[in-house]
Each structure stands twice: as C-alpha cells, then as structure tokens.
Protein chains: 6
Amino acid sequence: MERIDKRKYDELRNIKISRNYLKHPQGSVLMEMGETKIICTATVEDKVPPFLKGTDTGWITAEYSMLPGSTIKRKIRDSSKGRIEGRTQEIQRLIGRALRTVVDLKVIGERTIWIDCDVIQADGGTRTASISGAFVALVDALNKLYIEEEIPYIPISGFVSAVSVGIIKDIPVLDLCYQEDYKAEVDMNIVMTDKYEFVEIQGTGEESTFSIDELHSLINLAKKGNEEIILKQKEALGKIGELIGKTEK
Amino acid sequence: MERIDKRKYDELRNIKISRNYLKHPQGSVLMEMGETKIICTATVEDKVPPFLKGTDTGWITAEYSMLPGSTIKRKIRDSSKGRIEGRTQEIQRLIGRALRTVVDLKVIGERTIWIDCDVIQADGGTRTASISGAFVALVDALNKLYIEEEIPYIPISGFVSAVSVGIIKDIPVLDLCYQEDYKAEVDMNIVMTDKYEFVEIQGTGEESTFSIDELHSLINLAKKGNEEIILKQKEALGKIGELIGKTEK
Amino acid sequence: MERIDKRKYDELRNIKISRNYLKHPQGSVLMEMGETKIICTATVEDKVPPFLKGTDTGWITAEYSMLPGSTIKRKIRDSSKGRIEGRTQEIQRLIGRALRTVVDLKVIGERTIWIDCDVIQADGGTRTASISGAFVALVDALNKLYIEEEIPYIPISGFVSAVSVGIIKDIPVLDLCYQEDYKAEVDMNIVMTDKYEFVEIQGTGEESTFSIDELHSLINLAKKGNEEIILKQKEALGKIGELIGKTEK
Amino acid sequence: MERIDKRKYDELRNIKISRNYLKHPQGSVLMEMGETKIICTATVEDKVPPFLKGTDTGWITAEYSMLPGSTIKRKIRDSSKGRIEGRTQEIQRLIGRALRTVVDLKVIGERTIWIDCDVIQADGGTRTASISGAFVALVDALNKLYIEEEIPYIPISGFVSAVSVGIIKDIPVLDLCYQEDYKAEVDMNIVMTDKYEFVEIQGTGEESTFSIDELHSLINLAKKGNEEIILKQKEALGKIGELIGKTEK
Amino acid sequence: MERIDKRKYDELRNIKISRNYLKHPQGSVLMEMGETKIICTATVEDKVPPFLKGTDTGWITAEYSMLPGSTIKRKIRDSSKGRIEGRTQEIQRLIGRALRTVVDLKVIGERTIWIDCDVIQADGGTRTASISGAFVALVDALNKLYIEEEIPYIPISGFVSAVSVGIIKDIPVLDLCYQEDYKAEVDMNIVMTDKYEFVEIQGTGEESTFSIDELHSLINLAKKGNEEIILKQKEALGKIGELIGKTEK
Amino acid sequence: MERIDKRKYDELRNIKISRNYLKHPQGSVLMEMGETKIICTATVEDKVPPFLKGTDTGWITAEYSMLPGSTIKRKIRDSSKGRIEGRTQEIQRLIGRALRTVVDLKVIGERTIWIDCDVIQADGGTRTASISGAFVALVDALNKLYIEEEIPYIPISGFVSAVSVGIIKDIPVLDLCYQEDYKAEVDMNIVMTDKYEFVEIQGTGEESTFSIDELHSLINLAKKGNEEIILKQKEALGKIGELIGKTEK
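I will try to describe carefully the structure that is included in this document. No experiment lies behind these values; they were computed from the predicted model shown.

Turning to the relation of the copies chain B and chain A, a few remarks are in order. Expressed as a screw transformation, the operator carrying chain B onto chain A has a rotation angle of 180° and an axial translation of 0.0 Å, and the superposed copies differ by an RMSD of 0.0 Å. The relationship between the two copies is best expressed as a two-fold rotation axis. Judged by C-alpha distance, Gln-202 of chain B is the residue of chain B that lies nearest the rotation axis, at 2.2 Å. Of the residues that chain B buries at the interface, 100% are likewise interface residues in chain A, meaning the two copies contact each other through the same surface.

Below, the discussion takes up the interface of chain B and chain A. Bring the parts together and some accessible area is lost; that lost area is often taken as the interface size. Each side of the interface is counted separately: chain B has 30 residues, and chain A has 30 residues. Taking both partners together, chain B and chain A bury about 2700 Å²; carbon and sulfur atoms supply 52% of that area. If you look at where chain B meets chain A, you find two salt bridges. In this structure, Arg-93 of chain A and Glu-90 of chain B form a salt bridge, with 2.5 Å as the shortest nitrogen-oxygen distance. Going through the elements one at a time, helix 2 (86-101), strand 8 (186-193), strand 9 (198-204) and helix 6 (212-237) of chain B are the ones with two or more residues in the side of chain B that touches chain A. For the side of chain B that touches chain A, a count of residues per class yields nine nonpolar, 12 polar and nine charged. By the bridge criterion, five bridges tie strand 9 (residues 198-204) of chain A to strand 9 of chain B in an arrangement that is antiparallel. Paired with Gly-203 of chain A across the bridge in strand 9 of chain B is Ile-201 of chain B.

Glancing now at the sheet that holds strand 5 (residues 112-121) of chain C. Residues and elements named next belong to chain C. The five strands are arranged 1-2-3-5-4 in an open sheet whose pairing can be described as mixed. A strand with exactly one partner marks an edge of an open sheet, and here the two such strands are strand 1 (15-19) and strand 4 (59-66). Sheet twist, expressed as the mean angle between neighbouring strand axes with direction ignored, is 15°. As defined by bridge partners, strand 1 adjoins strand 2 (residues 27-33) across five bridges and the pair is classed as antiparallel. Bridge assignment links Ile-17 to a residue of strand 2, and that residue is Met-31. Where helix 2 (residues 86-101) meets the sheet, it contacts strand 4 and strand 5, and its direction lies at approximately 145° from that of strand 4. The sheet contacts of helix 6 (residues 212-237) involve strand 1 and strand 2, and relative to strand 1 the element is tilted by about 30°.

Contact residues are listed per partner, giving 30 residues for chain E and 30 residues for chain F. For the pairing of chain E and chain F, the buried interface totals around 2700 Å² over both sides, and the portion due to carbon and sulfur atoms is 52%. If you look at where chain E meets chain F, you find 15 residue pairs in polar contact (both at pLDDT 80 or more). No other element matches helix 2 (residues 86-101) of chain E, which puts eight residues into the side of chain E that touches chain F. Looking at side-chain class alone, the side of chain E that touches chain F contains nine nonpolar, 12 polar and nine charged residues.

Rules and cut-offs
- Within each chain, residue numbers correspond to sequence positions counted from 1 in written order.
- In the order they appear in the text, chains get letters beginning with A and ligands get numbers beginning with 1.
- Two thresholds apply to this predicted model, a pLDDT of at least 70 for residue-level local features and 80 or more for giving and counting side-chain atom pairs, whereas whole-chain, interface and lining totals are computed over all residues.
- For side-chain calculations, the full set of non-hydrogen atoms in the structure is used, while hydrogens and water are omitted.
- Alignment of copies: least-squares fit on C-alpha atoms of residues with pLDDT of at least 70 in both copies.
- We call two residues contacting when some pair of their heavy atoms lies within 4.5 Å.
- A simple way to read buried area is as the amount of 1.4 Å-probe accessible surface that goes missing from two parts once joined, with both sides added.
- Salt bridges are defined as contacts in which a side-chain nitrogen from Lys or Arg sits within 4 Å of a carboxyl oxygen from Asp or Glu.
- Secondary structure counts use DSSP, requiring at least four H or I residues in a row for a helix and at least two E residues in a row for a strand, with both numbered from the N terminus.
- Gly is put with the polar residues, along with every residue not named as nonpolar or charged; the nonpolar set is Ala, Val, Leu, Ile, Met, Phe, Trp, Tyr, Cys and Pro, and the charged set is Asp, Glu, Lys and Arg.
- Note on pairing: DSSP must find at least two bridges between two strands before they are called paired.
- Here the axes come from fitting lines to C-alpha atoms, over the contacting stretch only for helices, and the angles between their N-to-C directions go from 0 to 180 degrees.
- By the criterion applied in these results, polar contacts are pairs of N or O atoms within 3.5 Å in which, for protein atoms, one can donate a hydrogen and the other can accept it, and in which residues neighboring in sequence qualify only through two side-chain atoms.

Scope: geometric values only; no functional claims are made or implied.
Shown next as structure tokens:
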C-alpha cells in the first residue's frame, strides 16, 4: 500500500507554525499541517467562570469551529443550527483539558485564557493540529502577561502536542489526512508532553476493534510524531520556548 | 491505601442486571454497579436517519441522561438549560459507537434502535455501566425482532462491556466509585469484546499525565474487569446469550 | 361495561409508596399506582428565586418528565426538542401549586424545595400520582430539615393527594388507567386535603361536554379515592406523618 | 365589601364585541370585557398538522400572547426570552380545546383554523375573554368557508363562552378584574355551552383551599355569567348566529 | 399609471394619530397610515443595559412585531419559531437609532425607554409609520417624567418622522402601500427631523439599481412627506409639542 | 485634521484580493482592505430554498461572521449565545441583496450559491469589504459552472463593489478604519455597479443628523472609492472579468 500523498507510514505532513498571525489577540498562530489550516488564538480575559470566583485560580477554556468553506461539502454553521454539535463539544473539551495539564492555573490568577481554534481548511487531524497550534498561541499569551509583569514567570511545565494515528488496511500509519482518516479501521488521537508522558489517549475502532499489539504500534508512531511536532513548536517559539518548564524568574 | 468500600484494587463492585425492567420498550434493563443504577432501554423504530434512507441499513443511536435526584447536588435538567451538555453528548456518542461495533446493521434493515440510558443514581462509572447494561437491552430488543421473524438471526458478533480504571495516589485501581473518580490522577474508560479486543480506549490524565507503564497496568485491570462483567451479562441473558456470535439460524 | 383490569368503578389500583428510594435527595419516593411508576424526589437548595430574595420566605417548585422508555411509543426527550412541551409545563405548575397550598413557606425560610417527578413507566394518572408521591417526598425532606434543627417544626398543615376520575361510556369511574383515559369522554383531576377541601379541580370534556350531575358524581368518586390514597401516605410515613398539621414543637 | 368598580357580586363588566376588526383574517374580533381588550382572529390554512394528514379531518389550534404594553409592568416578549411561558402554553391549550368541543372537525376537511388571541390591554380574565371572543371570530371564519361553498354548513353545534369566578374575602364574585383576581383566595375559570353544559372547569385555591359549598356557589355564578356573554355573542353575530347548531343546509 | 388607491404620486395616505390608546404604558399611540395600523407604546424602566451602568445616561430601545392576523398570509410568531427574524431585528435597530438621535440621553438619567411597535394591520410602510408613531408615544412618556419632576425638561431636540418612497415603473412615488411596495423597483426609507436634516436614509434597488437623478427625486418626495407627517404629530401633541426643542424649564 | 494612518480624505486603504485562497469551495478569496481581512467563499449547492422549488430559478444567500480573535475585545460566538445578532443579520441580508442585483438567477437554475464572509481580522468596513470580496468569489464559482458547461454563460450583468464613507469632525472621508468609524458623526455604506448605479445606500447619522449637502459629498467620495475597488477586482479576475456583462457565449 502506498499513501495518498506518497508519505512513509511514519512520516508527518509538512508543518508550518506562523506566530502573530492576527493583531488583536495576545497569542495567535496559523497552524498548517499539510493542507489542514487552523487559526489558533489565545485571548486573556480578566475574569473566571463562577465556579472559580474567589479562588485565586485561573482557567483555560477552548472553542473550536470549522468555517463553512473549510470542508468538501459546505459545513453548516452551528449558529444556524442553533446548537453546538456533539463532535464540536468533544473537541473543545479535549483541547481545554490538554492545555490545562501543563499550566499552573494558580499562577495565572483570576483570569481566563480563551483558546479559539477556527479551522480554515480541513484535511484530517484538525483536533490534534488545534492542540499543537493552540499550545504555541498560549505560550505567546502567557509570555505577554509575563512581560507586562502580570505574572512572575510563564507557568507552563512542558511542551504539549498531539497527533493522530490509525490503522488502514491493517497497517499502522502516522498523521492521517482526510482521505486516510475516512477509511481507517482504527483512529487514535494521542496528546503527549516533551517528557514522553501521555496527556490523553483516545482510540476508537470506529465501529470495529483492535488488538493489544496494534495499540502498541500506534502508541510508538504517536511518540515519534509528537517528538517531531514539539521540535517545530520549539523552532517557532525560539527564545521564548526556553522559558518553558522554568519556574524561577 | 485502603479503598473507600474496602474492595481490593482489582475488584469490581457488585453487579446486578435486571432484565425486562419496564413493560413498554423491547429491551429494558436495570443495571446496578454498586450504588450506580441506570435504566437502559432499547426501542425499535421503523425508520432511519436521513443519511441512511434507501440503503437497507439500520442504525443504533444512544441518549444518556441523569435524573435530577441522581447526584449529590441536584442535577439541573438539560431541558431547563435548553441545551445538552458537552459531557452528555460525549457519552451518548461513545455508547452508540460501542454498540454499533458488534452489530451488523445491514441485517437490521431500515430500523433505528434507540438506546436510552437514564441514570437513576450516580456513584461513578455511569458511562461504562451504561454500555454494559445497554448491551443486554439491545440483545433483548434484537431477540424480539428475531422471534417475530423480522430478522433472520441476532446480528451481534460478540459481547461488549465497559469498565473504568484509574490511578489514585499512584496505584492503579479497577471500577472507580464517585469518591475515587473524584480524586483520581488518571481516568480511563475501556470498552472491550469477549474476544479481548478493544472497541474504545479513552484515557485522560485529568489535567495531569501518565507513563507508558501506567497505561499497561490500567489496560490489564480493565481486561480483568470486562471479563467479569461479560460473565454477568451472560448469566443475565441465559439461553439468549448463546445466540450471540452465531449467524446461522 | 367491565373495566379493563376488572376493577369496580370506584376502585383504586394498587398503591405502593416506597420511601428513601434514592440515596442523594433529602426525600425520595417510588410511587406506584398500578403500572404507573414515578420517582418523586424533594431536594433542598439554600436559595430562592429572584422574586423572593430578601423576603425570608421559601419556595416549592416542581419539574416533571417522562423517561423515553416510559411510554408505549418512545417519548422524545424535551432536551432533544430544545423546548418543554405545553403539557409538561401545565403539569409542573399544577404539582408546585398543589404542594405549596399546604406548606407555610415563611417557616422554610429562604430555601427552595425542588420537587422532581420522573415517570419511569406510564399507565395513566401520572400527574395525580406525581402529586401524591411528591407529597411524601416533601414530608421527608422537611422532616430532615426539622431533625437538623434548621426549622422549628414541619410546616405542613395537612395531607394532600390527587386522583383522576372520568366518564367512560356515560359511567363515572375512579383512577383511570391509560386505556381508559384514552377513551374517556370526560377527564378530571382533583387534588384534595385530608379535610375534604379542594386544592384544585381540573375537568375537561376532552372536546366534549358534561352536565352538573356528572360533575357531582365525579367529585364524589374523587373524594373516596383521595381518602384512600391519604391513608396509604399515612401508612408509608408512619410516625413522621403524625407531625403533620402540628405547629408546636 | 364593595367591589372596586362598584359592580354587584354577580354582575359582569361591560362587554363589547366588534366583528371584522381587521381586514386580512377570515374572522377577526375586538373583544372588550371592561378594560380587558383582546384582538381575536381566526385564519384558515389549507393543511393540517402531521398527525391528521390523510384523515380528512380538520384542526383548530390557538395561540395567545400579551403585547408588551398590555400590562402594568411592561411584559417581556416570549420571542426575546426565546421560550414560551408555561402560563401562555396552558392558556393556548385551553382555548384550542374549548373551541374544538363544539366543532365537527370532519366537516372542515383537511384545514387548520388558527385562532390568535392577542391581548392589547389586560385587566383580568384574559383567557376567558379570549375564548368568548375567539368563538365569534371562528364563526365568521367558518361562515366564510360556508359562503364560498367550501363546506356544506357551519359545523358548530352550539355557542361557547367562558367566564372567571372567584372568592374574595369569603364572598363568591363573578368576572374578576385584575385587582380582584390578584387578591382572590379561589380562582376558577368555567367554559360552558348555551345548553348549560360544562366544557371545562378549572379551579384552584391559589395555594389555599375551598369547600364543596363554595364550589357550588361559584358554578352558579359562572352559569349566570356565561348565559349573558352568549347573549352578547348572539347579538354580535346576528343572522349568522342562527346558523349555529343547524346541520342541514 | 394610476396609483391603486387613486392618490397622486406625491400624496400621503390618511394619517391618524390617537394618543393615550392604552391605559398602562406612559405613552401609547395608535398610528394609522391608510390601512397600516400600529400600536406604539413607550414604557419607562428604572434601569439601563449593562454597558451604561454607572454612566448617568439613559437608553432608548425598540421592539417591533407583527400580529399573526396583521398580514395577508398569517404571520408565524417569532416566539413559535424560537428566533427573531433578520427583518425584524433590522427594523428594531432602525427605530431605536432614529429616536435616540433627537433625545439627550444624559437628561433621562439611568432609565430605559422601551419603545414597542406592534403592527395590528399591515399595508406597507410599517417601519416608517412605527417611527412616526413611536415618536409621539415617546414624547408622552418623557412629558410624564417631566410633569412628575423626574427630569428638568423634555430633552428632545426636534421632531422625527419617517416615510417610504419608491420607484414604480420608473415613476418616483411617495408613501407606498403594500401592493405598490411589492412591485417597486427601488424602495427607500427616509427618516428626517423638522429641520430638514437626515437621520437615516436606506435605499435599495431591491435587486435592481438606481441612478443619482432618481435618488434626488426620491429625496425630494420624502422631504415633502415628512413635512406633512410632522404637522400631524404636532396637531396630535398640541401644547406638549411646543415643549420640544426647548431646553429651558 | 490628519487621518490616523496619514491617508488623504479621499484615499482608500491598500486593497489585496487573493483568489483561490481555499481548496474546497468553488470560489474563495482573501479580501484585505488595510488591516481588515475577510475570507469570502462561494459554494454551489444543487437545491434551492422552499419558496423557489419548481421555479427553475436559483438563489444567492449570504452568511457573515467574525472570528472570536478578529476584534480588539474577544468576540463571543453566535453559536455560544444561541442566537444570531441583529447586526449580523442586517449584514447578511445586505450582502445577499447586493450580489443578487447583478445576477440573473434564472440562468443559474435550481441552485443556491452560498456566500460566506468570515472576518479574520476587523478594522472597520467589514461589511463593504465582504461585498467587494464576495463578488470575486461569486464570479469564480459561476465561472466554474460555466466551464463545466452547467450554465451557458456567466450570468452577471456588471461588477459590484461597496465602500464606507463618513463624516468626522465635519469632514467627509472615504473608507473609514475602525478608529475613524468609532468617532464618525455620519456613517454611510454605498454599494455600486461599474456603471455608477446605486445598488444600496445606507446612511445613518449614528444618533446625529446630516444635511443634503453632506449627503452629496459622501456620495461623490463613495463613487470615487468604488471605481478604484472595481479596478482591483478586474485586476484580480484578469481574463475571467472580461466575461462579465456578456450574455452571449
């Protein structure tokens, strides 16, 4: 079997992380992973949800959306349907959880960081690319707070990235594009840190099943993929990336 | 460390599966897993969603809800809030996907099986208990179609059950109750078949992380747990359970 | 004419009132009236709706719902439809009004008692059974406040129950089951106290009409029925029931 | 006790029924009952709700609304709140049921008669005045169908009107205005035909109770009131009113 | 070409402005412009929207609605559709903006004036007639505040009225009725003050185009029309109208 | 007075029109007008809204949205609010109307062209830039239908563009950026064709007023601005632009 775009089974698509893509949000990134393109922004708001009021603790929440023109068949807006799809909600919850894992919310104080991932063009892997891109936007936003001396240091304990893996015709492959995703028997999204720890693992047989051996192959592919994505994040962030994982001023 | 209810780390709570709990639905089960109690029903409707019209293929869809009195703090109804929570949607999608994995929807024909899981009392593990109980209700509903000669055999390829595992104070434990779930560092739901295949694996560090070794321990616990739950499902179904996995009349 | 279930015209179905049905709510009852089964809970919340803030007065509000599997044809959830049906709202308002009639809300202080009536299985008379069952749950919840010395006494002036009556083929009958209700020419719900006073009377010709004499026959049947239901409530409550109508400690 | 507006206890307010109030709907009435003013319209639509398709039977459905300027405190629109209030739904259902009682829907064929009752000015008794006014608009709409030879006769078996009665300071009174309604201990709405038959009776102790004797007094008052309202309806309809209750051409 | 109702091209329909049409709101007007009839009310509320809290400034906001019976084909209520139409929102925004132009909101203090325009009968020009009628209701409401010495003077700098103009078969015409509006190639609404200043100009080719010369003709017609409407407003307001534009007590 | 960005009063911002910005929609443009950036797409759907079924006529409908990160203060999504803002609806209706003006919908046949304008970065003039950009995307989409021989020619009668003008400190200026728009006394949006005809003119005194002379100055500025924008559209479209206004193959 050859992959649609000639990639090797364990090869990522081209990654491009463009920082400061928009002028208003504190952090904004155009995340490109092959043909998948997502605007990821991080905006700081000086208040927290009700359940955190008075706790001196911050919050990170994520919203995800696909532009109508991002998909092959025009995507109907959630606002037109009057409700947010189950899939959208699942992804939003995943992005928020993943980013909160590496942030010390106590240090942020009573602020909410809004993460917005708006898919401009979809070609598979939008939820994982959202996490990888949003991480960079989040670093930029927290760095701005740090520069303005609103927080004593950037309270991020490590890099976080995410990648999809899957099994197509019994072969485990890394970073599925839409056409691969569509026919994959098993589909898995793995969120990891730069210390090779799992943040989240979500695997589904897509109405089929998979064995323990297949699980292992997929996890190894994901490890390799995340390693390379984190390298790209580090490149993009340059000096600022070096402040991550450091709690001393 | 001792567990709240004195169980061993790899011990399930008491399981009770009461079939034919309600008189109207084709399949209905009261699923009890310790203090967690869920009414799982399966209802057959003679039509399919628009995307399946004219395909001769059936569908299984699930809805999940918690009664206001099921939780410690009264749960506000989705209908009062005017929207379905993200968590609810995630669970509904999981239940539907899990059950569809083992059913040959072609054999069902243009019918929808509605799975309803209504939590009467919640004490952790409601989504996994929903899957395990709904499976039994589904078998009953399909058996009724089979008896009425609407379908040539029960088109279920194997048993499906689900269980939660987690890490509490660095110790992997099986089948978390609410108080354990609340303080778990890692939380994982694993759906399996009676052939030890994975249907779904969802693990989250709950805003923390976990290592590959911890992943292995959790998977082993889940394997043991699901094995025991499937035994209970078999007991509950008796003779009907023997028709599962048989495609010949 | 013989009744479907062989009952005499003035005979109630079997009543079973199971207290402490759930572990979380302050009061919880499984109310069974023949095949009609309803979980009635009473939960205390330490705040009141905006219109009562600062008035030192409490509130009782009711919500009513039918599980999807409770009816012959699967009932679509209000949350899926995105709105609460007119019928549901009418019933909720009735239950709340009926219970507030016998409670001195001043004594409760700024608390809301949430009454939830969730129909597990419907076979006619769900709104009246909800009132009769919710009353018992309410007593339990207020008794808990009394025991915890949050209120000086149980501020309930008397027992409240409700029953349906109707005219079928010109014959007045007591406590209609679904099949009777369906073909009744006149349908009436009567809420009464143990002092034979009316709390509410709602009679409709169901798109037909009825005479003054028929009205009298129905009222007499309802009186007999409510008398018997209140006896069952007293049995269920035992000693606690004796505290009702007593305002001295 | 003297009534606010000097009326005798058994005296109605001034009634004015202005037909053909608007030019577009088939039937339209300005119903005035003292200071209460309601525009009641009846519009014919050539289709029926899904549950009646193919049955050759018509339907009558009602909508009720209060203009923002109709009440003492500005009434927030249902459309701004995004949902229809429970009270509104209850009234809508009542109006529809009351009118359907006297109409042979088979004769109407597959048409829906939309009844709209829009309260321009509210001073108590809006739901009963809506019924009394809507009846006249309905007659006009059906008469138009009859004149156009769409239906063989006006399929209305009798007049329907409604009135409110109540107990204020232990005295039963007829046709309560807002200030009376506000302080009434018992509030009852009674819908009747010109043959003194009940269509609907809805009485509530408004969180208090009432005896059987009080019930009788109220029913007698309502009988007298409805008799007088029907006289006014007959006056307003003139010749057309004589066609009611006649099934021969 | 002759106009449907024989009017000259530059002739308004009959205008009737009935003040104090309802008893509850501070200002209420029945605005009639030919067959178009609108109830316009102005209600004072002692609070402002969040963005004005603490600014000592008032607000004027408008809501617009058409009764179901106001149009040829029954108009479905916004509340039934669960959302407010784009057209409705556009009109509401226009009315609010137009009235705010001539009011010194600082003088009103932290109050909101709610303008409600409910179309009872529609025959074209409802948005412009709403503005012209609402202006009078607004004057009455502010006059009431002035009389009660809540504000030092009526803070209205001038009269505001609105009229529609259009091009039908290449001829510019004033004040289009529904049938004219329907076939107009160009449709323009012009809001003006009594000093011949524009408040708002909205012209659309209705999916066609128009030249600069046509624009001039339309503006001249609108000028003439508004002049006459303001005369009617002055007649209706009598002495109170003389207080407008005067800032001294 | 000097303009914030040093432009002359009658000078447009830099315009950049990037065609084929996305790979899925038939037409897609990144429209940049200074710092304002909008993704405009045109998608063809092979069905029409109900009111056009069976008429052999097509439709063009527009949706407009701002990304959360596009504005200075994070913009809350319509889908989170559960409703579409009045301003959004007004803009959507304007875009649709403007484009339909120059298209012969009969030639398109029973197809809907969906126009989506998603603002990535907002700096004033988003509604006019949406129209100018969407026009180009529309041409591309119709050209694709023409190339595929689905339609006999590109049924567009002329170029359409839009620009904002306004009065700031009594000076008429062209193409306002956000900071100018914010303080403008008069704000006008003018949509024109390449034949100097008006498609739409919307001018508001923004709660102030303007004279006839000011109106003339603004119109002249808009004429100049639209002329230049259309030149840019022509440049961007190249050869395809020459097919516009030609009805012969």
